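# An overview of the molecular structure
What follows is the residue order along each chain.
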Amino acid sequence: MTNQIETKESFKLVMLASVFTLILWFIPFAEVITYPVRLFVTFIHEAGHALATVLSLGSVHQIELYTDGSGVTETMGGMRLLISSAGYLSTIFFGAGILLLLRKQKYAKPLALITAALLVMVTVLWGGNILAWAVGMILGGALLGLAFKGKPGVAHFVMSFLGVQSILNALYDLRTLLYLSAFTKESTDAANMSIATGGFIPPIFWALGWSLISVVMLALTVMVYYRSINHRAALDPVKIPQLLPDDFNKVFDKKL
């Protein structure tokens, strides 16, 4: 069960990472700082497509990233409905999952290690151009160093920042997708979903559905944090063996 104080501190870090993200939006040329993170989120998006393809018994040819922050995953076979949906949803689930696990600081370094392994594995298996290899290997190496050499607090903040960025970037991309689905015929994941259903279900339906799921996931993440903090506060501290031996006498004297 998550310690209340630890959960509160984790929540503060998430809020700090969120505020830092918002501040960067209003600083001129801050995109230079956020550009690698933008490419990281795109990498996770494309990795979601690739993993969904493999899970549905399809094959992945390659993943390419482009300098404008977009990417493409070339696949063959598999369940098209699952593959097309996996991009945006995997980014949201990745971000929300990180933030929920980070309610305990001890998970920060393991999460950095797992993320690094994912980046390197996907790059080696399916990296299709120089930018994809650069993002996968450089960011993977940085997270690997964070996992083994970084301080727990630093690892906690960095992973919180990546979790927040994953969610906010996914929501931003979904806003763009809604516009493209409603007013253009540009090739998008939503358009691919429409094609997969023979055009019977329009792209805007898929864009709205993914947006709704993303907002619900974000709301549930915040709710779980809130319930964790308040549930812990409602428990009798005597029943929870959290106190250090040195503190036991102090607590005992107060009760007397």
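Scope of this entry: the structure provided in the associated data block. Being a predicted model, the structure only gives us computed values, none of them experimental.

### A closer look at the nonpolar core
With 41 residues, the main nonpolar core has Phe-40, Leu-102, Leu-143 and Met-159 as its most contacted residues. Secondary-structure elements contributing two or more residues to this core are helix H1 (4–26), helix H2 (31–55), strand E1 (59–65), helix H3 (80–101), helix H4 (108–126), helix H5 (130–149), helix H6 (152–183) and helix H8 (203–234). Ranked by residues supplied to this core, first place goes to H2 with eight residues. The residues touching Leu-102, leaving out its near neighbours within four places in the chain, are Ser-10, Tyr-107, Ala-108, Leu-111, His-156, Met-159, Ser-160 and Tyr-225. With nine residues, the next largest nonpolar core counts Tyr-88, Leu-89, Leu-177 and Ala-190 among its residues.

### As for the packing of H4 against H6
Put simply, H4 and H6 touch, their axes get as near as 8 Å, and they point 55 degrees apart. By the angle between their directions, the pair H4 and H6 is classed as oblique. Where H4 crosses over H6, the two elements pack in a sense that is left-handed. Judged by residue contacts, Ala-108, Lys-109, Leu-111, Ala-112 and Thr-115 of H4 engage Pro-152, Ala-155, His-156 and Met-159 from H6. Considered class by class, the residues forming the contact of H4 with H6 number six nonpolar, two polar and one charged.

### Things to note about the packing of aromatic side chains
In total, this model carries five aromatic pairs according to the counting rule given. Ring centres of Tyr-88 and Trp-210 lie 5.7 Å apart, and the angle between their planes is 35 degrees; this geometry places the pair in the tilted category. In this pair, Tyr-88 is assigned in helix H3 and Trp-210 in helix H8, connecting sequence segments 122 residues apart. Residue classification places Tyr-88 among the buried residues on the basis of a relative accessible area of 11%.

### Observations concerning H2
Along an α-helix, residues three or four apart share an orientation, since each turn contains 3.6 residues. Between the first and last C-alpha of H2 there are 35 Å, a value that for 25 residues agrees with the 36 Å anticipated at 1.5 Å per step. Just beyond H2, the residue with positive phi is Leu-57, at close to 65 degrees.

### Considerations on unusual backbone geometry
Of note, the phi angle at Leu-57 is positive, near 65 degrees, even though the residue is not glycine. Among the structural elements, Leu-57 can be located in the loop between H2 and E1.

### Looking at the pairing of E1
Burial analysis of E1 places five of its seven residues in the buried class, which makes it a mostly covered element. As defined by bridge partners, E1 adjoins strand E2 (residues 71–76) across six bridges and the pair is classed as antiparallel. Bridge pairing in E2 links Ile-63 to Thr-73. The hairpin turn running from E1 into E2, its antiparallel successor, is five residues long, and Gly-69 in that turn takes a positive phi close to 95 degrees.

About the criteria used
- Residues numbered from 1 in each chain as written.
- Predicted model: local features only at pLDDT ≥ 70, side-chain atom pairs only at ≥ 80, totals over all residues.
- Heavy atoms only, no water.
- Core = buried A, V, L, I, M, F, W, Y, C linked by side-chain atoms within 4.5 Å.
- Buried < 20%, exposed > 50% of the residue type's maximum accessible area, 1.4 Å probe, protein only.
- Helix = DSSP H or I, 4+ residues; strand = E, 2+ residues; numbered from the N terminus.
- Contact = heavy atoms within 4.5 Å.
- Axes fitted to C-alpha atoms, helices over the stretch in contact; angles between N-to-C directions.
- Parallel < 35°, antiparallel > 145°, perpendicular 65-115°, else oblique.
- Left-handed = near helix turned anticlockwise from the far one by under 90°.
- Nonpolar A, V, L, I, M, F, W, Y, C, P; charged D, E, K, R; others polar.
- Phe/Tyr/Trp six-rings, centres within 6.5 Å; stacked < 30°, edge-to-face > 60°.
- Expected span 1.5 Å × (residues − 1).
- Pairing = 2+ DSSP bridges.

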